[in-house]
Amino acid sequence: MAHYDYLKQALARTKKPCAFLNMDALQKNMEAITKAAQNKKIRIASKSIRSVDVLKHILSSSPIFQGIMCFTAEEAIFLNEYGFNDLLIAYPIWDEQQLRDICNLVKKGATITVMVDCIEHIERLEMIALEENGKFLVCVDIDVSTNVYGLYFGVYRSPIKTVEDAIYIIQRIVNSSYIKLDGLMGYEAQIAGVKDDDPNEKIRSTIIRMLKRRSSKLVVKKRQQIMEQIKKAGIVLRFVNGGGTGSLHETIKEASVTEVTVGSGFYNSHLFDKYEHFKLEVAAGFAVEITRIPKENMYTCFGGGYVASGAVNQDKLPEIFLPQGATLTKNEGVGEVQTPIKYNGPIELQHGDPIIFRHSKAGELCERFHELHIIKNGKIIDEFLTYRGEGKCFL
Ligand SMILES: Cc1ncc(COP(=O)(O)O)c(C=O)c1O
């Protein structure tokens, strides 16, 4: 793991605040993910990467990494222009012009798959495909939230809850002349996206682990039943997608799943430390610099208030990575412009010294910076533009 002096030296000449990507750590994470994937393909969740150069780097490193899970239609079109193919847009798109553009790209041979979960989605695609004289590739999003001991454990996304719901939608697609069924997705957010090994929440973590074990069995059962029906009907799918970084170890066990999505595990934002089954390296982070010392052991930095999305909680704040032992103040947290840090450890901090943070969520870091400074062997060797650096703001 990188230590304070290593990152301080590497970033010494870089204007702060700045974001960085430590390639040695990224490499280790890619290796850990490849190993954990066993024989499954890994689709990269681009929302947790948000840099074309990083996507290229990961995809070119191993044939295990195949395809991108995009988060908006505009992003998929942008990535298609860069030459990426096999783009699955993981969330349904309603915007008519964007759908028309995708339809035309598919007509020209692009593999861009859109998500559907209801008849309304299907009818809209059919209407557009008819007018554009084209076709859509679609993926059906199955809800794999579960009821465990009377507790709803999952997210609110797809209305396709039962095997019957799924088969009804699938048959409707198969009978359509304007859309082609390309894949199936079931994202077990309650397993992949809920931390279960938080030292500050030991009792909660124990309960979550128990819920996850139970929920996991139900998810496997539902996916298997749906796949059996699909096979019986003679329907062939290009892919069956499941999981995320936090469920990789579970989702790969399922025979019916052909690929698992991973995004956050590459940068390893701090939310992903608090998972029982996955320990990764800190690859990405940001540095702010000390510009004021209001009193002994108190260092005030310029910037730092890069709070993550989701239910508002302490865990959405950036975490101080280095120097070890430095803490935020309760009153100010990370500030819009000024972030005070308490520190009374062995390192003598001075004006201009960096404080190194990790973002709570992987991709959102890139919305705050134009580039990632690429560190290898203790030196900056390159700069990779983020989506923001390319002037893009997809969502
Ligand atoms: C549909 C879907 N699949 C997979 C993921 C997993 O992404 P990550 O590995 O970044 O947690 C997400 C994250 O929200 C998602 O929405």
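Note that the structure is a prediction, hence the values are computed from the model and not measured.

### With respect to the environment of Leu-372
Okay, step 1: Inspection of the secondary structure assignment puts Leu-372 in strand S18 (residues 371-376).
Okay, step 2: Linking Leu-372 and Gly-285, residues 87 residues apart in sequence, is a C-alpha distance of 9.1 Å.
Okay, step 3: In this structure, Leu-372 is in contact with Ala-19, Phe-20, Leu-21, Ser-51, Val-54, Tyr-267, Leu-365, Cys-366, Asp-382, Glu-383, Phe-384 and Thr-386, ignoring residues within four places of it in sequence.

### Section: helix H9 (residues 202-232)
Each turn of an α-helix holds 3.6 residues, which means side chains three or four residues apart point in the same direction.
Okay, step 1: Between its terminal C-alpha atoms H9 stretches 45 Å, which fits the 45 Å expected from 31 residues at 1.5 Å a residue.
Okay, step 2: For H9, the set of buried residues is Ser-205, Ile-208, Leu-211, Lys-212, Ser-215, Ser-216, Val-219, Lys-222, Arg-223, Ile-226, Met-227 and Ile-230.
Okay, step 3: Downstream of H9 by a residue or two, Gly-234 has a phi angle that is positive, lying close to 75°.

### Points about the domain arrangement of the chain
Okay, step 1: Looking at the assigned domains, one finds that the chain contains domain 1 (1-22 + 264-386) and domain 2 (50-262).
Okay, step 2: In this structure, domain 1 and domain 2 have C-alpha centres spaced 32 Å apart.
Okay, step 3: In this complex, domain 1 contributes 23 residues to the contact, which on the side of domain 2 involves 23 residues.
Okay, step 4: With both sides pooled, the region where domain 1 packs onto domain 2 buries about 1,900 Å², and carbon together with sulfur makes up 64% of that total.

### What to know about the site of the ligand
Okay, step 1: The environment of the ligand is formed by 16 residues, the closest being Ser-48, Tyr-91, Thr-245, Gly-263 and Ser-264.
Okay, step 2: Between the ligand and the protein, one listed contact pairs an oxygen atom with a side-chain N or O atom of Tyr-91 at 2.5 Å.
Okay, step 3: Interatomic distance of 2.6 Å between a side-chain N/O atom of Ser-264 and an oxygen atom of the ligand.
Okay, step 4: In isolation the ligand exposes 390 Å². Once the protein is present, 94% of that is buried.
Okay, step 5: Taken together, the residues of the shell around the ligand break down into 7 nonpolar, 7 polar and 2 charged.

### Focus: a positive patch on the surface
Okay, step 1: Together, Arg-213, Arg-214, Lys-217 and Lys-221 make up a positively charged patch on the protein surface.
Okay, step 2: With respect to the helices and strands, the residue Arg-214 is situated in helix H9.

### Some points on the confidence of the model for the chain
Okay, step 1: In this model, the chain carries a mean pLDDT of 95, and residues with pLDDT of at least 70 account for 99%.
Okay, step 2: Taking the mean pLDDT of every element in the chain, the minimum, 86, falls on helix H8 (residues 189-192) and the maximum, 99, on strand S4 (residues 87-89).

### Examining the pairing of strand S10 (residues 239-242)
Okay, step 1: Where burial is concerned, the two faces of S10 agree: the one with Phe-239 and Asn-241 and the one with Val-240 and Gly-242 are both buried.
Okay, step 2: Relative to S10, strand S9 (residues 179-186) is paired through 4 bridges, and the arrangement is parallel. Looking across to S10, one finds that Met-185 is bridged to Asn-241.
Okay, step 3: Strand direction decides the pairing type here: S10 and strand S11 (residues 259-262), joined by 2 bridges, are parallel. Paired with Gly-242 across the strands is Val-260, a residue of S11.

### Quick word on the packing of aromatic side chains
Okay, step 1: Tallying each qualifying case throughout the model produces 11 aromatic pairs.
Okay, step 2: Where Phe-71 meets Phe-394, the ring centres are 6.5 Å apart and the plane angle is 90°; that geometry is what we call edge-to-face. Of this pair, Phe-71 sits in the loop between strand S3 (65-70) and helix H4 (73-81) while Phe-394 sits in the segment after strand S19 (379-385); the two residues are 323 residues apart in sequence, bridging distant segments of the chain.
Okay, step 3: The buried category is assigned to Phe-71, whose relative accessible area is 6%.
Okay, step 4: In this structure Phe-394 comes out as buried when scored by relative accessible area, which is 10%.
Okay, step 5: Taken together, the ring pairs in this structure connect Phe-71, Phe-78, Tyr-82, Tyr-387 and Phe-394 into an aromatic cluster.
Okay, step 6: For Arg-43, the ring lying beneath its charged end belongs to Phe-239, and the centroid distance is 5.0 Å.
Okay, step 7: Over the aromatic face of Phe-321 sits the side chain of Arg-358, whose NZ or CZ is 6.0 Å from the ring centroid.

The rules behind these values
- Residues numbered from 1 in each chain as written.
- Predicted model: local features only at pLDDT ≥ 70, side-chain atom pairs only at ≥ 80, totals over all residues.
- Heavy atoms only, no water.
- Helix = DSSP H or I, 4+ residues; strand = E, 2+ residues; numbered from the N terminus.
- Contact = heavy atoms within 4.5 Å.
- Expected span 1.5 Å × (residues − 1).
- Buried < 20%, exposed > 50% of the residue type's maximum accessible area, 1.4 Å probe, protein only.
- Domains from an automatic or database assignment.
- Buried area = accessible area lost by both parts, 1.4 Å probe.
- Near = heavy atom within 4 Å.
- Polar contact = N/O pair within 3.5 Å; in protein donor to acceptor, adjacent residues only side chain to side chain.
- Areas by Shrake-Rupley, 256 points an atom, 1.4 Å probe, with all protein chains shown as cover.
- Nonpolar A, V, L, I, M, F, W, Y, C, P; charged D, E, K, R; others polar.
- Patch = residues over 30% accessible without salt bridge, like charges linked within 9 Å, V, L, I, M, F, W, Y side chains within 5 Å.
- Salt bridge = Lys/Arg side-chain N within 4 Å of Asp/Glu carboxyl O.
- Lys, Arg positive; Asp, Glu negative; His and termini not counted.
- Charge placed at Lys NZ, Arg CZ, Asp CG, Glu CD.
- pLDDT = per-residue confidence, 0-100.
- Pairing = 2+ DSSP bridges.
- Phe/Tyr/Trp six-rings, centres within 6.5 Å; stacked < 30°, edge-to-face > 60°.
- Lys NZ or Arg CZ within 6 Å of the ring centre and 35° of its normal.

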